[in-house]
Amino acid sequence: MYAEYQERGRVLPWRETRDPWAILVSELMLQQTQVARVLPKYGEWLRRWPDPSSMAAASVAEVLAAWSGLGYNRRALALKAAASIIETEHGGTVPEDAAALRALPGVGGYTAGAVRAFAFGLPDVFLETNIRAALLHWFFPDREGVRDRELLPVAAAVLDRADPRAWHYALMDYGAALKKLAPNPSRRSAHHAVQSRFEGSLRQARGAIVRILSAEGPHEAESIHERCGMERERVANALAALVAEGTVEYAGSLVRVRET
DNA sequence: ATCCGGGCGT
DNA sequence: ACGCCCGGAT
């Protein structure tokens, strides 16, 4: 696998750095978003906010506007909140400690392990879709509904502890390549889920509202559904959810992206 | 119309 | 354990 990786492993900008902040940004972006869509955003984002300090000082509206196109914009808010915690609790440096990483918003088991392996060279064991695909293909060829608790010991057993960074890059490239040849092996994971239809959904309306407010500034609450080009009731429900979670707020009859 | 892709609240 | 969170490609 290493020989393959040396010859035609993917060359990706976040693989050219060991800056923990850059790695963290890339991993947040890569959650539920494919490489091709992250590529044009990643460099732009880091030029604008090259460290946690600058990210923490950014406004919510500009962060959401810059995130536009990546989807699941709560990740942008998580990244900004994580930057603030890194500033106040870790002296502006992305922590190496696994529990401290896990305590950051938007950072779960995968992302904590990825930052530790890719930025700090630590031999953590973690799973994402490409790693699951590779392990399922090799070690569970005839099984359906394989749980992560079964995959993790296998991942630990095969891990190259001498070079966790290269090992995981190679493993992920292998898994990604498998998906182009055959049905996605990670669909045999017990944790694979098919999500509900997007067209006509609440999250489509949420996305439209956030995009409009972050790009254009506050709008009259009553006019938002026209600007979205969606039914009044669906937009009202999406707006209520966004207000309830604090992503947007009312200012009199206007709606705007949260300011603090 | 279907596919893909981690974290988190419940 | 399960449902929700986006958007572009095919």
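Up top is the structure.
Residues numbered from 1 in each chain as written. Chains lettered and ligands numbered in written order. Predicted model: local features only at pLDDT ≥ 70, side-chain atom pairs only at ≥ 80, totals over all residues. Heavy atoms only, no water.

### What about the nonpolar core?
Inference 1: Counting residues in each nonpolar core, the largest one holds 74 residues, and the members touching the most others are Trp-21, Trp-45, Met-55, Leu-79, Phe-118 and Ile-209.
Inference 2: With residues near it in sequence (within four places) discarded, Ile-209 still touches Ile-224, Cys-228, Val-235, Ala-238, Leu-239 and Leu-242. (Core = buried A, V, L, I, M, F, W, Y, C linked by side-chain atoms within 4.5 Å. Buried < 20%, exposed > 50% of the residue type's maximum accessible area, 1.4 Å probe, protein only. Contact = heavy atoms within 4.5 Å.)

### A look at the environment of Ala-117
Inference 1: On the secondary structure map, Ala-117 appears in helix 8 (residues 109-120).
Inference 2: It is 9.8 Å that separates the C-alpha atoms of Ala-117 and Arg-18, two residues lying 99 residues apart in sequence.
Inference 3: Residues in contact with Ala-117, not counting those within four places in the same chain, are Leu-122, Phe-126, Pro-164, Arg-165 and His-168. (Helix = DSSP H or I, 4+ residues; strand = E, 2+ residues; numbered from the N terminus.)

### Details of the protein's contact with DNA strand B
Inference 1: Gln-32, Gly-106, Thr-111, Lys-179 and Gln-195 are the nearest of the 19 residues found near DNA strand B.
Inference 2: In the model, a phosphate oxygen of DNA strand B is placed 3.3 Å from a nitrogen or oxygen of the Tyr-110 main chain.
Inference 3: Contacts to DNA strand B include Thr-129, whose side-chain N or O atom sits 3.0 Å from a phosphate oxygen.
Inference 4: Ranked by the residues each element gives to the surface near DNA strand B, the list is headed by helix 8, at three residues.
Inference 5: Classifying every residue of the surface near DNA strand B by side-chain character gives three nonpolar, 11 polar and five charged. (Near = heavy atom within 4 Å. Polar contact = N/O pair within 3.5 Å; in protein donor to acceptor, adjacent residues only side chain to side chain. Nonpolar A, V, L, I, M, F, W, Y, C, P; charged D, E, K, R; others polar.)

### Regarding the packing of aromatic side chains
Inference 1: A full pass over the atoms with the stated rule returns nine aromatic pairs.
Inference 2: Here the aromatic rings of Trp-45 and Trp-67 are separated by 5.4 Å at their centres, their planes lie at 80°, and the arrangement is edge-to-face. Here Trp-45 is found in helix 3 (residues 35-48), whereas its partner Trp-67 is found in helix 5 (residues 60-67), with 22 residues between them in sequence.
Inference 3: For Trp-45, a relative accessible area of 2% translates into the label buried.
Inference 4: Ring geometry for Trp-138 and Phe-139: centres 6.2 Å apart, planes at 75°, overall edge-to-face.
Inference 5: Relative accessible area serves as the criterion here: at 35%, Trp-138 is assigned to the partly exposed category.
Inference 6: By the ring-pair criterion, three or more aromatic residues cluster together here, those being Tyr-110, Phe-118, Phe-126 and Tyr-169. (Phe/Tyr/Trp six-rings, centres within 6.5 Å; stacked < 30°, edge-to-face > 60°.)

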